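Structure at a glance
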Amino acid sequence: MRRRVGPLLVVVLALVGCSRGSSEVGVLRLATTTSTADSGLLDAILPAFEEEYRARVDVVATGTGQAIELGEAGDADVILVHARALEDAFVAEGHGTERFDVMYNDFVIVGPEDDPASIEGVSVAADALGLIAGSQATFASRGDSSGTHTKERALWEAAGIDPDTGSGWYKSLGQGMGDTLNFANETGAYTLSDRGTYLSQQANLPNLSVLVGGMSIAENADPALLNPYGVIPVDPDKGNIDAELAEQFVEWLTSVETQSRIEKVGVDAFGQPLFYPDSEKWRNR
Amino acid sequence: METIGRALVDAIRLLRELDPELVETVALTLQVTLGALIIALVSGIPIGAAVGLARRLPGRALIVPVIYTGMGLPPVTVGLFTYLLLSNQGPLGGLGWLFTPTGMITAQTFIAFPLVVGLTMTSVQGVDPDVRTQMIALGASNRQVALTILTEARIGVTAAVVAAYGSIISEVGAVMLVGGNIEGETRVLTTAIVLETRQGNFALALALGIVLLGIAFLTNFLFHRLQVRQGGP
């Protein structure tokens, strides 16, 4: 028996040592949408924050709805999402301290190349949706309360149409952007996508092309298709919130240096940025 | 705790009101699960019995491990395989089964089939070999022998049914990929749970989980009654 105590003690001390060691590094829990993670943006910029602030960022990439819910429950220190109305409500209800502009990209309507609803070249998204509904061409909706789905609902409303899932042509998928694009590619459906996700998957979507929104954000003529992202530190009173680190993160994310880094993501691979910097400091630089 | 309490209340309310969307989702869940289960049983039990009873089976050393591996296939891999099979560019794209309940049944059948084959095989192998020797001595045909041994092995075969049923009704990866989780068309209980969770509707998601658990329990209760009537434990 006595012999076993020595190694056991070593193991216990090692474990204690480990937990001590890791607790010295701050952990920031970031709840965000799949688009920021899937596009490779976070991988490109977060290491700099982790190094500068000697912290680790735990990313939960999910739908905007769940990301906001995570913030409300106090299971995240900061949220980075894109659904302006939901973000404002989050702050108004006291779940977050303040919303800050971070960046934007845009949405496009993609569809089959034979374009049965003849929407190619239409500049206003709501008009294009009107044509799709009029011709009963298949439309794939995210249907998951994500930022993209919220935007799509607003565009239908602007078109004065209330698409019904029972009608057959409007498919409410309840899946992520990538899955929805695959669905549209397979079934010859139209869908609304953020440009970043579409560009990053374009190689696997031979049957789809951008029909409304142009080849880059500069060609997008419909301001309703703009897609702004905001960052909100979660209310510190929820308990267990690392408010200091969250504030440092917001400060860092909106700094001119990080913003110029955001602007470079995607340029090599797609010839255009996936996100355009838009923080107050960037605009006033 | 509050979420769990709300979920229970929600589950009871959904069931009491017979929420039409819930009824539709439950009906499709049962249609897909039972459809796949029946196909897997009709094809898997005879094959399992044949493999288990064959005296000399060329390649048994390979066939049996293949069946065992099939019993542990990750459903999402089966889903991916079925997706590629049924995709426009796939060999069976012409059938137009992708994103339909038929496609979901196809994927679920691939998941259930090895389970039925494997468990039937082991349960017929567990039957006293004397039964077979005696029947052959009495002049029974191969078919009669197989049927008698299957009857002897019925408790094990029922276990095969229960295992296959449990694995497919609770499965989410394959039906999500192949079905597409389309509202009113291919949305089943498991994919609805994923969707509601992602939207942060934890109470509703948990309520659907409770409904799923209830259905699984009811069906297994019936299976067990069947087993008892057959003289099982």
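Please read these numbers as outputs of a predicted model, since none were measured by experiment.

The rules behind these values
Residues numbered from 1 in each chain as written. Chains lettered and ligands numbered in written order. Predicted model: local features only at pLDDT ≥ 70, side-chain atom pairs only at ≥ 80, totals over all residues. Heavy atoms only, no water. Helix = DSSP H or I, 4+ residues; strand = E, 2+ residues; numbered from the N terminus. Buried < 20%, exposed > 50% of the residue type's maximum accessible area, 1.4 Å probe, protein only. Contact = heavy atoms within 4.5 Å. Areas by Shrake-Rupley, 256 points an atom, 1.4 Å probe, with all protein chains shown as cover. Buried area = accessible area lost by both parts, 1.4 Å probe. Salt bridge = Lys/Arg side-chain N within 4 Å of Asp/Glu carboxyl O. Polar contact = N/O pair within 3.5 Å; in protein donor to acceptor, adjacent residues only side chain to side chain. Axes fitted to C-alpha atoms, helices over the stretch in contact; angles between N-to-C directions. Left-handed = near helix turned anticlockwise from the far one by under 90°. Nonpolar A, V, L, I, M, F, W, Y, C, P; charged D, E, K, R; others polar. pLDDT = per-residue confidence, 0-100. Domains from an automatic or database assignment. Core = buried A, V, L, I, M, F, W, Y, C linked by side-chain atoms within 4.5 Å. Phe/Tyr/Trp six-rings, centres within 6.5 Å; stacked < 30°, edge-to-face > 60°. Lys NZ or Arg CZ within 6 Å of the ring centre and 35° of its normal.

1. Description of the overall build of chain B
Helix and strand content of chain B: 11 helices and zero strands. Written out in order from the N terminus, the α and β elements of chain B read α-α-α-α-α-α-α-α-α-α-α. C-alpha extents for chain B along the principal axes are approximately 65 × 45 × 25 Å. Taken over 233 residues, chain B has a buried fraction of 45%.

2. Some thoughts on the overall build of chain A
Broken down by element type, chain A carries 13 helices and 10 strands. Each of the three principal axes of chain A carries a C-alpha extent, and together these read 80 × 50 × 40 Å. Expressed as a percentage of the 285 residues in chain A, the buried residues total 50%. In chain A, 72% of the contacts between residues at least 6 apart in sequence involve partners at least 24 apart. Summed over its atoms, the accessible surface of chain A is roughly 12,800 Å², and 50% of this surface lies on carbon and sulfur atoms.

3. Structural notes on the interface of chain A and chain B
Taken residue by residue, the interface counts 21 residues in chain A and 19 residues in chain B. Between chain A and chain B, the buried area comes to about 1,700 Å², and carbon and sulfur atoms account for 43% of it. For chain A, the biggest contributors to the area lost against chain B are Gln66(A), Gln175(A) and Glu186(A); these three give 32% of the whole. Taken together, the links from chain A to chain B amount to one salt bridge. Inspection of the chain A/chain B interface yields eight residue pairs in polar contact (both at pLDDT 80 or more). For the side of chain A that touches chain B, the secondary structure elements donating two or more residues are helix H4 (64–72), strand E6 (170–172) and helix H8 (177–187) of chain A.

4. Details of the packing of helix H2 (residues 20–53) of chain B against helix H8 (residues 154–169) of chain B
Residues and elements named next belong to chain B. Packing of H2 against H8 leaves a shortest axis separation of 10 Å and a crossing angle of 145°. With respect to the hand of their crossing, H2 and H8 are arranged in right-handed fashion. Mapping the contact onto sequence places Thr 29, Thr 33, Leu 34, Ala 36, Leu 37, Leu 41 and Ile 45 in H2 and Val 157, Val 161, Ala 164, Tyr 165, Ile 168 and Ile 169 in H8. Taken together, the residues of the contact of H2 with H8 break down into 11 nonpolar, two polar and no charged.

5. Quick notes on the confidence of the model for chain A
Confidence in the prediction for chain A averages 89 pLDDT; 92% of positions are at 70 or higher. Confidence drops under a pLDDT of 50 for residues 17–23 of chain A, and excluding neighbours within four residues, the segment shows zero contacts in the predicted structure.

6. Re the domain arrangement of chain A
Quoted interface sizes are often the accessible area lost when the parts come together. All names here are of chain A. Looking at the assigned domains, one finds that chain A contains domain 1 (2–104 + 228–283) and domain 2 (105–225). Here the C-alpha centroids of domain 1 and domain 2 sit 29 Å apart. The partner domain 2 presents 17 residues to the 14 residues of domain 1 that form the contact. Joining domain 1 to domain 2, the criterion identifies zero salt bridges. Where domain 1 packs against domain 2, one counts three residue pairs in polar contact (both at pLDDT 80 or more). When residues of the side of domain 1 that touches domain 2 are traced back to their parent elements, those giving at least two are helix H2 (34–38) and H4. Taken together, the residues that form the side of domain 1 that touches domain 2 break down as eight nonpolar, six polar and no charged.

7. Digging into the pattern of salt bridges
Two side chains that carry opposite charge are able to pair once their charged atoms sit near each other. Residue and element names in this part refer to chain A. Applying the stated criterion across every chain yields a total of 15 salt bridges over all chains. For the salt bridge of Asp 58 with Arg 56, the shortest nitrogen-to-oxygen distance reads 3.2 Å. Overall, Asp 58 belongs to the partly exposed group, its relative accessible area being 30%. With a shortest N-O distance of 3.2 Å, Asp 101 and Arg 283 are connected by a salt bridge. Of the two residues, Asp 101 is situated in strand E4 (residues 100–112) and Arg 283 in helix H13 (residues 280–283); the sequence distance between them amounts to 182 residues.

8. Some words on the side chain of Ser216(A)
Residue and element names in this part refer to chain A. Of note, Ser 216 is situated in the loop between strand E8 (208–212) and strand E9 (226–233). What makes Ser 216 buried here is its relative accessible area of 18%. When near neighbours in sequence (up to four residues on either side) are disregarded, Ser 216 contacts Arg 195 and Gln 272.

9. Regarding the nonpolar core
If you look at soluble globular proteins, the nonpolar side chains tend to sit buried side by side. Counting 65 residues, the largest nonpolar core has Leu37(B) and Leu189(B) as the members making the most contacts within it. Broken down by element, this core gets its largest block of residues, 11 residues, from H2(B). Listed in part, the 26 residues of the second largest apolar core include Leu41(A), Leu199(A), Phe249(A) and Val250(A).

10. A look at the packing of aromatic side chains
All names here are of chain A. Taken as a whole, this structure holds 16 aromatic pairs over all chains when the rule is applied. Both rings, one in Phe 49 and one in Phe 249, keep their centres 5.2 Å apart while their planes meet at 90°; by these two values the pair is edge-to-face. Of this pair, Phe 49 sits in helix H3 (residues 41–52) while Phe 249 sits in helix H10 (residues 243–253), and the two are 200 residues apart along the sequence. As far as the burial class goes, Phe 49 and Phe 249 line up, both buried. Ring pairs connect the aromatic residues Phe 49, Tyr 53, Phe 249 and Trp 252, which therefore count as one cluster. It is Arg 285 that lies over the ring of Trp 282; its NZ or CZ is 3.7 Å from the centre.

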